[in-house]
Amino acid sequence: MPLKSNFKSDLEREQELCILLDRYYKQYLKHYTFERVSDMPKQLAGIDLIFIHKTNGKKFYIDEKAQLDYINENLPTFAFELSYEKKGIIKEGWLFDTSKKTEFYALITSIYADDPKTFSSCKITLVNRQKLLDLLTERAITLSALKKYILPEQDTHGKIKIDELHHRSEGYLFASTKNKAEKPLNLILKLDFLEESGVAKRLA
């Protein structure tokens, strides 16, 4: 049986989640206003939101990433997409995609819902994309360096420990070849590690 893509249902849940997120942004952003981006080319370039500084008008491009597969769970990690499959062709994921204009990721975790349609609470962690890429470069974590862990002829599924990160306190690779239609390969990073490294900060 072919694996089903959840793209449509994810889109609907994302729209529901936006209601809660906008409330949080209004509450926790002290020096910024924000506007949602509905322009599809901008969204494809990794811009879901624009934060605008109240005093000097400086703008920052934000890409929201939500753990919608894990409702009512408090995970200490986040999955950064390295690659995925579309119609049998391996495509580059968003993390190292140089065409993206993203300046910050808003990682939405610990999403809780009272019922399937109404989200009640979540955590928001802001990650400076350039600082994250610099950190990964310092650790020699590049797309080409990570390829040594993935052998195409082996249909690897699950957690893959890598030398560049401590798998318990920092992160690891995870291949979802058997449970997701897109067969994503993700770099799983601990949120605490990102905060301690100075690339991330909790907003809410």
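Residues numbered from 1 in each chain as written. Predicted model: local features only at pLDDT ≥ 70, side-chain atom pairs only at ≥ 80, totals over all residues. Heavy atoms only, no water.

Another point: the overall build of the protein. Within the protein one finds five helices and eleven strands. Against the compact-globule benchmark of 17 Å for 204 residues, the protein has a radius of gyration of 17 Å, which places it among compact chains. Summarising its shape, the C-alpha atoms of the protein cover approximately 55 × 40 × 35 Å along the three principal directions. The long-range fraction of contacts in the protein, counting pairs at least 24 apart against all pairs at least 6 apart in sequence, stands at 55%. Total accessible area computed for the protein in this model is approximately 11,900 Å², and 52% of it derives from carbon and sulfur atoms. Taking the average location of the 33 positive side-chain charges in the protein and that of its 30 negative ones, the two points are 2 Å from each other. (Helix = DSSP H or I, 4+ residues; strand = E, 2+ residues; numbered from the N terminus. Rg over C-alpha atoms; globule rule 2.2 N^0.38 Å. Contact = heavy atoms within 4.5 Å. Areas by Shrake-Rupley, 256 points an atom, 1.4 Å probe, with all protein chains shown as cover. Lys, Arg positive; Asp, Glu negative; His and termini not counted. Charge placed at Lys NZ, Arg CZ, Asp CG, Glu CD.)

Tracing the sequence through the fold places Asp22 in helix α1 (residues 7-28). Polar contacts involving the side chain of Asp22 include one to the side chain of Arg36, which spans 2.9 Å. Excluding its chain neighbours within four sequence positions, the residues that come into contact with Asp22 are Phe34 and Arg36. (Polar contact = N/O pair within 3.5 Å; in protein donor to acceptor, adjacent residues only side chain to side chain.)

All right, on to the nonpolar core then. Core analysis: the largest hydrophobic core is formed by 29 residues, its most contacted members being Phe80, Leu95, Leu132, Leu187 and Leu194. The set of elements that each furnish at least two residues to this core consists of β4 (77-86), β6 (104-115), α3 (129-138), β9 (171-175), β10 (185-190) and α5 (191-196). No other element matches α3, which puts four residues into this core. Apart from residues no more than four positions distant in its own chain, Phe80 is found in contact with Trp94, Leu95, Tyr105, Leu107, Leu132, Leu185, Asn186, Leu187, Leu189 and Leu194. (Core = buried A, V, L, I, M, F, W, Y, C linked by side-chain atoms within 4.5 Å. Buried < 20%, exposed > 50% of the residue type's maximum accessible area, 1.4 Å probe, protein only.)

The six strands lie next to each other as β1-β2-β3-β6-β7-β11, forming an open sheet whose pairing is mixed. Either end of the sheet is taken by a strand with one partner, and the two such strands are β1 (32-36) and β11 (200-202). Averaged over all adjacent pairs, the angle separating strand axes in this sheet is 30°, with direction ignored. Where β6 lies against strand β7 (residues 118-128), nine bridges are found, and the strand directions are antiparallel. Bridge pairing in β7 links Leu107 to Thr125. Its contacts with the sheet place α3 against β6 and β7, and it is angled at close to 60° to β7. (Pairing = 2+ DSSP bridges. Axes fitted to C-alpha atoms, helices over the stretch in contact; angles between N-to-C directions.)

What follows is about α3. Residues Arg129, Leu132, Leu133, Leu135 and Leu136 constitute the buried set of α3. Down the axis of α3, the smallest arc covering the buried residues is 160°, so these residues share one side. Turned more than 90 degrees from where α3 packs its buried face, Thr137 and Glu138 sit exposed. Among the structural elements, β4, β6, β7, β10 and α5 are those in contact with the buried residues of α3. Capping the start of α3 is the job of one residue whose side-chain oxygen sits 3.1 Å from the backbone nitrogen of Gln130: Asn128. Count one or two residues on from α3 and you reach Ala140, which has phi positive near 60°. (Arc of directions from axis to C-beta.)

A separate point is the pattern of salt bridges. In total, this model carries six salt bridges according to the counting rule given. We note a salt bridge from Asp69 to Arg13, for which the minimum N-O separation is 3.9 Å. One end of the pair, Asp69, is in the loop between β3 (59-66) and β4; the other, Arg13, is in helix α1, with 56 residues separating them in the sequence. Given the relative accessible area of 41%, Asp69 is considered partly exposed. (Salt bridge = Lys/Arg side-chain N within 4 Å of Asp/Glu carboxyl O.)

This next bit is on the sheet that holds β9. The antiparallel open sheet is built from five strands, whose spatial order is β5-β4-β10-β9-β8. Looking at the sheet topology across the chains shown, the edges are occupied by β5 (89-92) and β8 (158-160). Along the sheet, successive strands turn relative to each other by an average axial angle of 30°, direction set aside. Pairing of β4 with β5, which is carried by four bridges, proceeds in the antiparallel orientation. In the strand pairing of β5, Glu85 is matched with Ile90.

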